[in-house]
Structures are given as structure tokens and as C-alpha cells.
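Listed below are the residues making up each chain.
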Amino acid sequence: MDSTNTPDSQTVVAASGRPALLQGKRQKLLITAFVASFALIGVATALWARAATTTYQLWPNNPTPKTVTVNLKGSIELGLKFKAKNAGYVTGVRFYKGAQNTGTHTGSLWDNKGHLLASTTFKNETPSGWQTATFPQPVNIAANVTYVISYHAPVGYYSSSANYFRDSTYNNGPLKAPRSSNVNGNGVYATGAGTVFPNKANSATNYWVDVDFTTKTVNPPTAPAAPLGVSALQNSDSITVTWQASQSANPLSQYRVIRNGSQLATVSGTTLSYTDKALTAGQTYAYQIQAVDNTNAVSALSNTVTITYNVVPPTTPPPSGGSMSIKVSGKDFVNQDNKVIRLVGVNRSGTQYTCMDGDGFSDGPIDDASITTMKTWGINVVRVNMNEQCWLGINGVPAAYGGANYQKAIGEFVKRLHDHGMYAIIDMHHSNAGTKKATDTIVMADRDHANDYWKSVAAYFKNDHAVIFDLFNEPFPDNNRNTTAAWTCVRDGGTCPGVSFTAAGMQEMLNAVRGAGATQPVMISGPEYAGDLDRWTEFKPADPQNQLVASVHIYGQPLGSPYDDSSRWDTEIAPLAKTTPIVVGELGDSDCTHKFIDKFMPWADSHGLSYVAWAWVTSDCAGEPALISNYNGTPTNFGIGFRDHVKSLGLQ
């Protein structure tokens, strides 16, 4: 079960039961390589000299946290928002430690946009009390600007005092810790492994993190600091390298982009990215950045980021739906004969994870024989679960199963489905931001790759009018809540609560599809793991083709979803079905029975809904609602209930 540790509440907020129950074959254990963006900055020994001037902190050395050890275990970043009334230098970070707060701690300084300015590792810690680490270089900060100082507790058990910043601002000398309501929450945190920008707040809590600050340094570095946070992203036809601004006593004149040990290009001292298009497929590139100031002083080289360029243009023709087509007409789907149709079928799980694992293109066969078996169940649609990065051939996907090879395999599978008289729903199931591998579902589509993915997928399938595009599998921003913020995030993307990266919204992904010339129907889901429809009309994106479809996922207990409550069907689903086609993109029982779908499917039939069961995959029904126990098509108990009902519909 995915969960979020909420500091000080000492409760676990369940995102949904679904991820834990659907791990099985969908979530494979990968040993992934991580580029150490901070390889050059994690030492606590000062490399600079300072005079014996006053160093300020916010808290005295003898505080008593209300809770010395919060009984929550888990990797977490804890921080404090602060300001200085005078410009000066942050020289270090400190935090209060209880005896159970063990492991290697790292300290960080951030600007208020989440850019990492400095990092260090705590050394020679005492068992408890205040711990202090010095940054490799002093960081110059501006007056009256909000910054964040934080530390990472790898095992949790941190110190805290709830409501500390609720009513007051705290001052000491030039330093200020603002009242929580004045800075959109003070006392901040973020869960997850490794150093991450803390951007959540709970109960105006003080996590007892502090800053070392001075207004004067002697002999500050004459050369710029090495740029931090260098990373590389692969696009469809290029690699974009980004970095954070170098700290410098003098204005910067340029950055040098170093590739494989040689200078590739220079950009201005205010530019923080470079796009490299002089690439060869299959070649590995190592990038570093170097800063130069207006006195021609040169920084040390940044960390090295390595990336392999894997994108290969498609070499096979895209599939065509032949005589089959589907489009939206009012509240219904209609086919090539303008006849109203409903889609009832299965998810074909496996094509979203085996490629990234290097295990092939699918879990089990997707050949003609397997499709013939699926067809005997009476279905007329298959939802093809896709991997964003396998399609684009990026972020270390094995070359044999990524890029053009993955596209060819998916295209041939979709064509075989059409040859057997079935429609296909193409989704984005597994994805991830930046250089992280797409090994599972994530909270939102990522702006790093999602628009490129849909631009490419839509261009590939634009002449196949027997497909539907399902833009994103299961959004769950704002801590998996059905809120205005969550619905806004799903539609517009950007910076969202509960999302640690820049999200891609439904509107921009739809624009990518339409910009590629594709006119097919597009499925749009809402928050809570695609579980809600109550505000779908209010937050649906604008589509010049008027081909939008409402998507929702519904599971019975114990897995559960918002619409496992049948009292909501007539009040929330039925009214929307009078104006808009609805596809239940995932439907299932999760207790090895078919008692929930036995109740839901007749109701859905009577209201004209389409539905697609999870899933044509072999796994333990207690861990994942599997329709089959083997790829010969032997149904599970859940599968028997689904198969027998669908066959009675006579859709074929």
C-alpha cells in the first residue's frame, strides 16, 4: 500500500489500497543506477576561511522539543523556512537529534523554488542533541528573501513541536522564521528516499532544523563554485542538460558545456540549460558544466551525468484500423456504420513493465492464438497498458525492447486486435519524471516526457480510427483527495500539491495529441486513482474535436475505490452518462469472487456504460484481480463471472 507519513499526526494517510494489491507482476524489482547529482558537495570540512565574526542561529542550544522522538519510521526530509534582514552567508546547517534518529544525515539549503544551493553530510555526530555540519562553501543569500534549510533523516524518528509557527514569527538577530500562515506553511517536510525539497507542511510544526548565518566572510572564493545539480533528459531527437546557478562573488559571463571530456559549447552566464542534437543512436555521453565569471576565473568541473541516447526513428508502418472506426456522438460511441456501440473488454497487462525489465514486450503471449482465446469471451476491446519510456526509448530501457522495437511490437499487437474485430485503447500506464525509470504508476503524468510521448503515439496511430487514447492511467495528486486542487492539477498540471515534479495536465497532453493530427476519442480521468466523476464536466479540458470520453476506475472491496459505494452510481455516474460516453477503464473484484461486478455490470449495461476488466494476466487473485490462471484462457473465479456476463451480451 502506498502511504504518506504525515509528521506529528502519527497516522498513515492511505493513498489507495490499489498499488499494494496490484504489485505482483506489474511491479518488478529493479536495481537502478542513480546519477549522484551532489557528488562534489557532500563533505562537511570547510574549504573557505572566515573571520571571527558572529554566527547566528534561530534556536538556542538548550531547547526542549515537545516530542524528542516522533514514533514514525521512514525516510523523510525535514526543514524550516527562514529569512535574513541583511544579506550574508549561510555557512552551515544543524538539527536536534533524538537517540533513535540514526543513520547518515545530510543537510541542504534551498531557494524558495526548490533549487538546491548547497549540501553537506553530518560527521562525528553525538548520540543526541544538536548536530552541526558546515557547507563546503558559504552561500550568499539576499536580504528579506525566503530560503529553506533542511536535513534528511533516513530512518525517521525526528524531533518536533506541533503548532510552533501557528501564531508567531521567531527572530534572533538578523534571522527570522516566519509565522506559518505568512509563508504558506512553515515547518516543512517531504517523504521519500534521498535528499528532496521539503514542500509540505502540517500543523505549523517545528522540526528543529536551524541555520548558521553570518553577515561577513573573509577571503570568499574568488572563483565561482562548481555548478550543482547537473542532470540530463533525453528528448525524441536530442538530450537536454540542465544545472543550477553557480554561486559566485562576481557576475558570471558564461557556462561551458563539457561532453566526454571536451568543450562542446558555451552559453551565457544566465542560461541554465543546453540542448545537444549532435548525437548518435546507441552512444553514451558524459556531460559536465563549468562556470566562468567576468574576471575569467573558472570553477571546478561539476558532477558528471551520463546518459545513453537510445531513440531510433520508427521503421515500420503504423497500424490501420481498416474498415473499423469509432468516434463520439453525443453521449455514445458510434462505429463506421454510425451505429451506437458499447466497448466491453479486458486490460492486457504486461506491456507496461516487461520492456523496462528487459523481459520482452509482454507478460505472456500477444499473438493471434492468444487474441483468438480472448475473443471467445465475447469482448470487443482491449486496453493496451503502455510504458512511456519504453515507447520513447529513454532512461536506460534495454535497446532490444525500447524505441522503434517497442513501437513495432505494440503496433503489430494493435493490428492483430483489429484483424480479430476488436478496438484498442492505448494508455500511458507506467511513467516517471526526469531520469528516473518508469517501473510503476506515479502520482501524475510528468511534463518531462508525457507530451513527447503523446505527440509520438498520436502521430504513430493518427490514421488508425479503431483506437482510443487514454491520456493517463490513475492520477492521485493532493494526497489522493477529491479536491479543487486535485482536479485543477489533473487538468492543468504544473506545480501541484502532493507531486514532487512538474506535472503534465490533461489539457496539454490532449493538445499534443491534436497537434500531431490525431482526431480519435480521448479518455480523461479525474483524481483519486481515476476514481471520481463528480466534477468531470467542470474540469474537462477543451477539445476542438469534441471527442472526449470520461474515464473512471472501479474496484470492489477490499481493494476499494470511491464507487464501490453503489449509492453514488445514480447520483454521480448516471447524470454524466446522459451527456458523455463513460468508459470504466479498470473494473474488478479483489476478493477472488465476482460478487461486486455481478452487481455493477447490469447497472452499467442499463446506463450505456462501457467497461474494461482488470486484467488478462496470470497472478494470485488475492493480490491482483486476475481474469485468468494461465494463458490458455482458463478463468479464475472472478474471470468466470466476467466472462459469462459478457458472453450473454452478444456484442460480437
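Described in the following lines is the structure provided in the data block. (Residues numbered from 1 in each chain as written. Predicted model: local features only at pLDDT ≥ 70, side-chain atom pairs only at ≥ 80, totals over all residues. Heavy atoms only, no water.)

With respect to the sheet that holds strand β23 (residues 340-341)
Phase 1 of the analysis: Read across the sheet, 3 strands follow the order β21-β22-β23 without closing on themselves; strand pairing throughout is antiparallel. Taken across any chain shown, the strands that pair with only one partner, and hence form the sheet edges, are β21 (326-329) and β23.
Phase 2 of the analysis: Where strand β22 (residues 332-335) lies against β23, 2 bridges are found, and the strand directions are antiparallel. Bridging from a neighbouring strand, phenylalanine 333 pairs with isoleucine 341 of β23. (Pairing = 2+ DSSP bridges. Helix = DSSP H or I, 4+ residues; strand = E, 2+ residues; numbered from the N terminus.)

Looking at helix α8 (residues 484-492)
Phase 1 of the analysis: Restricting attention to buried positions, one finds in α8 the residues Ala486, Trp487, Cys489 and Val490. Taken down its axis, α8 places every buried residue within 160° of arc, on the same side.
Phase 2 of the analysis: Residues of α8 that are buried sit in contact with α7 (477-480), β28 (493-494), β29 (503-504), α9 (506-515), α10 (527-530) and α11 (536-539).
Phase 3 of the analysis: Just downstream of α8, glycine 493 is the residue with a positive phi angle, here 65°. (Buried < 20%, exposed > 50% of the residue type's maximum accessible area, 1.4 Å probe, protein only. Arc of directions from axis to C-beta. Contact = heavy atoms within 4.5 Å.)

Let's talk about the side chain of serine 238
Phase 1 of the analysis: As for its placement among the helices and strands, serine 238 is situated in the loop between β14 (231-234) and β15 (239-242).
Phase 2 of the analysis: The class of serine 238 is buried, set by a relative accessible area of 3%.
Phase 3 of the analysis: Ignoring sequence-local partners within four residues, the contact set of serine 238 consists of Leu233, Thr275, Asp276, Lys277, Leu279 and Tyr309.

Section: the nonpolar core
Taken as a class, soluble globular proteins show a tendency for nonpolar side chains to be buried jointly.
Phase 1 of the analysis: Counting 100 residues, the largest nonpolar core has Phe469 and Phe642 as its most contacted members.
Phase 2 of the analysis: At 7 residues, the largest contribution of residues to this core is made by helix α6 (residues 450-461).
Phase 3 of the analysis: With near-sequence residues (within four places) excluded, phenylalanine 469 lies in contact with Ile426, Trp454, Val457, Ala458, Phe461, Val513, Ala518, Gln520, Pro521, Val522 and Met523. (Core = buried A, V, L, I, M, F, W, Y, C linked by side-chain atoms within 4.5 Å.)

Observations concerning the state of the cysteines
Phase 1 of the analysis: Applying the stated criterion across every chain yields a total of 2 disulfides.
Phase 2 of the analysis: Bridging cysteine 355 to cysteine 390, the disulfide has an S-S length of 2.1 Å. An S-S torsion of about 95° defines the bridge between cysteine 355 and cysteine 390 as right-handed. Placement of the pair is cysteine 355 in helix α2 (residues 354-357) and cysteine 390 in helix α4 (residues 388-392), with a sequence separation of 35 residues. Assigned by exposure class, cysteine 355 and cysteine 390 land together as buried.
Phase 3 of the analysis: The partner cysteine of cysteine 489 in its disulfide is cysteine 496, sulfur to sulfur 2.2 Å. The chirality of the disulfide connecting cysteine 489 with cysteine 496 is right-handed, given an S-S dihedral of about 95°. Of the two residues examined, cysteine 489 and cysteine 496, each falls in the buried class. (Disulfide = S-S within 2.5 Å.)

Fair warning: the whole summary comes from geometry, so function is off the table for now.
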